[in-house]
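This is what each chain is made of:
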Amino acid sequence: MAFQAKKLINDPNDVVTEFIEGLVETYPGLQYLDGFPEVKVVLRADVSRTTYDKVAVISGGGSGHEPAHAGFVGEGMLTAAICGDVFASPPVDSILAGIRAVTGLMGCLLIVKNYTGDRLNFGLAAEQAKSEGYKVEMVIVGDDCALPPPRGIAGRRGLAGTILVHKVAGAAAAAGLSLADVVAEAKLASEMVGTMGVALSVCTLPGQVTSDRLGPGKMELGLGIHGEPGAAMADLQPVDNVVSHVLKQILSPETGYVPITRGCRVVLMINGLGATPVMELMIAAGKAVPRLQLEHGLAVDRVYTGSFMTSLDMAGFSISVMKADQGVLQRLDAATKAPYWPVGVDGNHPPAKIPVPIPPSLSTTNDESFSRPQQLTQQGHTLEVAIEAAASAVINLMDSLNEWDSKVGDGDCGSTMFRGATAILKDMKKHYPLNDAAETVNEIGSSIRRVMGGTSGIIYSIFCKAAYAQLKATSHSVIAPVEWAAALEAAIAAVSKYGGASAGYRTLLDALIPASSVLKERLSVGDDPVDAFVLSSEAALAGAESTKHMQAQAGRSTYVSGEILASVPDPGAMAAASWYKAAALAVKDNYNHHAS
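Residues numbered from 1 in each chain as written. Predicted model: local features only at pLDDT ≥ 70, side-chain atom pairs only at ≥ 80, totals over all residues. Heavy atoms only, no water.

Student: Explain the side chain of arginine 291 to me, and be specific about the residues and the numbers.
Tutor: By the secondary structure assignment, arginine 291 is in helix α7 (residues 278–294). A polar side-chain atom of arginine 291 sits 3.3 Å from a polar atom in the side chain of aspartate 240. Contact partners of arginine 291, with chain neighbours within four places excluded, come to Asp240, Val243, Ser244, Leu247 and His296. (Helix = DSSP H or I, 4+ residues; strand = E, 2+ residues; numbered from the N terminus. Polar contact = N/O pair within 3.5 Å; in protein donor to acceptor, adjacent residues only side chain to side chain. Contact = heavy atoms within 4.5 Å.)

In structure tokens form, the structure reads like this:
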């Protein structure tokens, strides 16, 4: 039977902000940005972006994993941590506030655990920060070794091994290394570590009912840090057997997840998941070390035992094993003031909170900053005609998109796209600066980001932001066809980078990639640009239709059977093809109209 768990909290909605308030009272070296409840960012009290002369290292994600990530903020480790709600990725604006608060001229590295929401939100924040002039790089950690190599793009989850990556990157940054070098060390560290978890109980979210998925006498092997089910359920075993099984899984030569072979030097992390007594963690550590030495032939150079990345009140632990040469050990041993890395703390008590920084160019980010030009240039008029046609095509396709999506997704693709398209039409009448193509593309992204929820909303925001950055780099006011083609290519590359999909994954990219390559090819052989645009739109439609024959590897469709997928095209690809084609035909009509 399910029951309400007992928790020592106030309002379940305030747990994260109240945790942060307690954290900064406890550790004088930490502060937070005064933006509750939307902006929940913990940062080093001794860092100000105007004077900071080292690479900033920022991480974050959903809350509920305390002390991760805020407990690892301190000199020699993280410069700031962005806290989402419990088990929810932090919003883009919160991540941006953190980047702006601590990033100086040396730039900043975002360390992100491999979950789609985190990748997309941190990805869009990175693109936005870059367009504001910050140097930003991102390293994604997927250290999970529980599941066999995956089919889709979701890939391996980020687990407690991420903390070791924070330490390596933080020490490299503290040593004064350049952004490129800090990124290289973090990336290498992320490829050297493997983790697997086991649980005896399911965690309870604040204010929710406890699930009794795990019966008495059962345990789960290979689970994540969000209370999701493990890879397998088993009878409760002595910890010796559990440790042996987990180490074999992490070091398995079949999956090849970590490059660790006999004779290597390693470090070991035994990480409690929130409700595991220190006694049990120490027992696990005491059993793991001799097994690593005798069974696996490894030299264990460091052991870290404690609770580093938890899952609220889950009983269980994860084990991480990381290959460590002298360079890595030096980074792990380097001094840090991060309160939850196993070392002491010191320092006096500056103010607990400081205001949220606003971007230097706030004047250009609100709706009122642009207005529709009184007189449209020829390019401005063409752009207006194309946007209107594209948005109308999406609006007319709403019911078909929803119908396709009800078979292969969650049934709201049409409604989501409809919201974006209607906002674009409404905002265009008021404040799109149509004679400035780059800024207009940016404004389309803002309209979408304001009203379109879900993954598609953030994907189209990233699409527009990347196209905008590419167009903005061209200094002249009239944008040539090859520059439009380059912007499309840059937008596709950004969506692929942060969303993880590429051609053949059954997504909107299967419409846009063929369009982009045809457009580029036709322009390079000197075709008339309008004809090239129309031809590329035929390729977009053909690409979208071809998704019927693809096995999904991204998005919600990955959970749907092949027979169902074969009956309908991917709704996202059809939507993209329809707006792209409508825009091409509108440009052609407009061109013929002017020519006649």
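Student: Can you explain the packing of aromatic side chains? Please cite residues and give values.
Tutor: With the rule as written, the count across this model stands at 8 aromatic pairs. Taking 4.6 Å as the distance between ring centres and 5 degrees as the angle between the ring planes, the aromatic pair formed by tyrosine 32 and phenylalanine 36 counts as stacked. Taking the relative accessible area as the measure of exposure, tyrosine 32 reaches 6% and is therefore buried. Ring centres 6.2 Å apart and planes at 70 degrees place the aromatic pair tyrosine 460 and phenylalanine 463 in the edge-to-face group. With tyrosine 460 and phenylalanine 463 both in helix α13 (residues 454–472), this residue pair falls 3 residues apart, about one helical turn. (Phe/Tyr/Trp six-rings, centres within 6.5 Å; stacked < 30°, edge-to-face > 60°. Buried < 20%, exposed > 50% of the residue type's maximum accessible area, 1.4 Å probe, protein only.)

Student: Account for the pattern of salt bridges, with residues named and values stated.
Tutor: Taken as a whole and judged by the stated rule, the model has 23 salt bridges. Salt-bridge contacts for arginine 44 lead to aspartate 46; the nearest nitrogen and oxygen are separated by 2.8 Å. Owing to a relative accessible area of 7%, arginine 44 belongs among the buried residues under this scheme. Note that aspartate 235 is salt-bridged to lysine 218, the shortest N-O span being 2.7 Å. Here the residue aspartate 235 occupies a position in strand β11 (residues 232–235), and lysine 218 occupies one in strand β10 (residues 218–221), the gap between them amounting to 17 residues. (Salt bridge = Lys/Arg side-chain N within 4 Å of Asp/Glu carboxyl O.)

Student: So what's going on with the pairing of strand β13 (residues 299–306)? Which residues, and what values?
Tutor: The side chains of a regular strand alternate between the sheet's two faces. Inspection of the sheet shows strand β12 (residues 265–272) paired to β13 by 7 bridges, in the parallel sense. Residue pairing in the sheet places isoleucine 270 in a bridge with threonine 305 of β13. Viewed along the sheet, the connection from β12 through α7 into β13 turns out right-handed. (Pairing = 2+ DSSP bridges. Right-handed = clockwise from strand over helix to strand, strands pointing away.)

Student: Could you give me a rundown of the sheet that holds β12, with the residues and numbers involved?
Tutor: The 6 strands lie next to each other as β11-β10-β8-β14-β12-β13, forming an open sheet whose pairing is mixed. Looking at the sheet topology across the chains shown, the edges are occupied by β11 and β13. Neighbouring strand axes in the sheet, compared pairwise and without regard to direction, differ in orientation by 20 degrees on average. Across the sheet, helix α5 (residues 179–192) lies against β8 (193–199) and β14 (316–323), angled at about 50 degrees from β8, the strand it touches most. Set on the sheet, helix α8 (residues 326–333) makes contact with β12, β13 and β14; between it and β13 the angle comes to about 25 degrees. (Axes fitted to C-alpha atoms, helices over the stretch in contact; angles between N-to-C directions.)

Student: Account for α8, with residues named and values stated.
Tutor: Along an α-helix, residues three or four apart share an orientation, since each turn contains 3.6 residues. Among the residues of α8, Val328, Leu329, Arg331 and Leu332 are the ones counted as buried. The buried residues of α8 all sit within an arc of 160 degrees when viewed along its axis, so they share a single face. Away from the buried face of α8 by more than 90 degrees, exposed residues Gln326 and Gln330 are located. Lining the buried residues of α8 we find α4 (161–174), α5, β12, β13 and β14. Between the side-chain oxygen at the start of α8 and the backbone nitrogen of glycine 327 there is a gap of 3.1 Å, and the oxygen is on aspartate 325. (Arc of directions from axis to C-beta.)

Student: Go over the confidence of the model for the protein, please, and point to the residues and values.
Tutor: Here the protein shows a mean pLDDT of 92. Residues at 70 or above account for 96%. Considering only residues more than four positions removed or in separate chains, one finds that residues 344–348, a stretch of pLDDT under 50, has 7 contacts. (pLDDT = per-residue confidence, 0-100.)

Student: Tell me about the side chain of arginine 156, and name the residues and values.
Tutor: Along the chain, arginine 156 falls in the loop between β7 (136–141) and α4. Although buried, arginine 156 forms no salt bridge, and the nearest oppositely charged side chain, aspartate 144, lies 6.5 Å from it. Within the structure, arginine 156 has its side chain in polar contact with the backbone oxygen of aspartate 144 (distance 2.8 Å). Discounting chain neighbours no more than four positions away, the residues touching arginine 156 are Asn114, Gly142, Asp143, Asp144, Cys145, Val193 and Tyr257. (Lys, Arg positive; Asp, Glu negative; His and termini not counted.)

Student: Summarise a negative patch on the surface; cite the residues concerned and give the values.
Tutor: A surface patch of like charges, here negative, comprises Asp11, Asp14, Glu18, Glu21 and Glu25. Here glutamate 21 is to be found in helix α1 (residues 15–26). (Patch = residues over 30% accessible without salt bridge, like charges linked within 9 Å, V, L, I, M, F, W, Y side chains within 5 Å. Areas by Shrake-Rupley, 256 points an atom, 1.4 Å probe, with all protein chains shown as cover. Charge placed at Lys NZ, Arg CZ, Asp CG, Glu CD.)

Student: Now, about unusual backbone geometry: what can you tell me, with residues and values included?
Tutor: Following glutamate 66, the chain continues into proline 67 via a peptide bond in cis, with omega recorded as 10 degrees. Among the structural elements, proline 67 can be located in the loop between β4 (56–63) and β5 (80–86). Looking along the chain, the bond that leaves alanine 68 and enters histidine 69 is cis, with omega of 0 degrees. Along the chain, histidine 69 falls in the loop between β4 and β5.

Student: Which residues make up the packing of α13 against helix α14 (residues 481–499), and what values go with them?
Tutor: As a packed pair, α13 and α14 sit with axes 8 Å apart at the nearest point and diverge in direction by 140 degrees. With respect to α14, the element α13 is oriented oblique. Seen from above, α13 lies across α14 with right-handed handedness. Every residue of α14 that contacts α13 at Ile459, Ile462, Phe463, Ala466, Ala467, Gln470 and Leu471 is listed here: Glu483, Trp484, Ala486, Ala487, Leu488, Ala490, Ala491, Ile492, Ala494, Val495 and Tyr498. When its residues are assigned to classes, the contact of α13 with α14 shows 16 nonpolar, 1 polar and 1 charged. (Parallel < 35°, antiparallel > 145°, perpendicular 65-115°, else oblique. Left-handed = near helix turned anticlockwise from the far one by under 90°. Nonpolar A, V, L, I, M, F, W, Y, C, P; charged D, E, K, R; others polar.)

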